[in-house]
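# Coordinates in review
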Amino acid sequence: MGACWAGVSLAGDDETGTAAADASASPSVTGAERIEDEEGPFSTDGTLTVAGIGAGLDPGELCSGTGGYSDIDFGTQVNVTDAAGTLVAVGSLGLGEKTELGCEFPFTVDDITPGSKFYTVEVSHRGGLTQTEDQLHAGGLAFTLGD
């Protein structure tokens with residue numbers, strides 16, 4: 001059974017404007033302290049929707065991957081690797097919930113090591129999607145598996 005991944009980053013904060021506002025509002029925090037905070041491990045979040053599954057369920061009901069998607073379920077591992085292919089963080093899928101599009105699973109990945117030009121986010125063995133560090137910092141990632 002063929003499957004296709006599609007990824008979209010939905011969040012888009014203007015971090016430069018926020019940083020400038022923070023700098024003027026917090027004169028007690030030095031530039032060096034601000035850089036140190038930004039260089040520490042960070043988290044990202046998002047959703048994975050498995051399209052077209054959950055027929056017969058009402059919106060909001062719990063659901064799981066079925067058939068060719070049976071590996072997609074609560075607790076399925078979400079891996080984040082850096083540009084060198086090194087695993088830098090691991091998270092997992094939350095409980096699936098029926099939506100109009102299929103079954104949607106939230107996820108959070110904590111303690112991502114910063115400093116890579118790009119990262120790959122992969123759920124189970126489904127192949128990874130490439131994201132920039134800024135996209136991961138913004139969170140709100142939305143991936144779709146299936147038709």
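The structure reproduced in this document is the subject of the present report. (Residues numbered from 1 in each chain as written. Predicted model: local features only at pLDDT ≥ 70, side-chain atom pairs only at ≥ 80, totals over all residues. Heavy atoms only, no water.)

Moving on to the nonpolar core. Within the largest apolar cluster, 25 residues are counted, with the highest numbers of intra-cluster contacts made by Ile72, Val80, Leu93, Ile112 and Leu136. Going through the elements one at a time, strand 2 (42–51), strand 4 (77–82), strand 5 (87–93), strand 7 (102–112), strand 8 (118–123) and strand 10 (141–145) are the ones with two or more residues in this core. A per-element tally of this core places strand 7 first, with 5 residues. When residues no more than four places from it in sequence are discounted, the contact partners of leucine 136 are Phe42, Ser43, Thr44, Val80, Ile112, Tyr119, Val121, Gln131 and Leu141. (Core = buried A, V, L, I, M, F, W, Y, C linked by side-chain atoms within 4.5 Å. Buried < 20%, exposed > 50% of the residue type's maximum accessible area, 1.4 Å probe, protein only. Helix = DSSP H or I, 4+ residues; strand = E, 2+ residues; numbered from the N terminus. Contact = heavy atoms within 4.5 Å.)

The general pattern is negative phi for most residues beyond glycine and trans for most peptide bonds. Positive phi values are uncommon outside glycine, yet aspartate 111 reaches one of about 60 degrees. Here aspartate 111 is to be found in strand 7. Take aspartate 111: its relative accessible area is 57%, and that puts it in the exposed class. Of note in the backbone geometry, serine 124 takes a positive phi value of approximately 55 degrees without being a glycine. Look at serine 124 and you get partly exposed, because its relative accessible area is 23%.

Turning next to the pairing of strand 9 (residues 128–132). Along strand 9, the buried face is formed by Leu129 and Gln131; none of Gly128, Thr130 and Thr132, which line the opposite face, is buried. As defined by bridge partners, strand 8 adjoins strand 9 across 5 bridges and the pair is classed as antiparallel. When the sheet's bridge partners are listed, valine 121 is paired in strand 9 with leucine 129. Hairpin geometry of strand 8 and strand 9 is characterised by an intervening segment of 4 residues between the two adjacent antiparallel strands and by a positive phi of about 55 degrees at serine 124. (Pairing = 2+ DSSP bridges.)

Two aromatic rings are characterised by how far apart their centres lie and by the angle between their planes. Per the stated rule, a full pass over the model turns up 2 aromatic pairs. Geometrically, the ring pair formed by phenylalanine 42 and tyrosine 119 is edge-to-face, given 6.2 Å between the ring centres and 85 degrees between the ring planes. With phenylalanine 42 in strand 2 and tyrosine 119 in strand 8, this residue pair connects regions lying 77 residues apart in the sequence. Classification of tyrosine 119 by relative accessible area gives buried; the value is 0%. (Phe/Tyr/Trp six-rings, centres within 6.5 Å; stacked < 30°, edge-to-face > 60°.)

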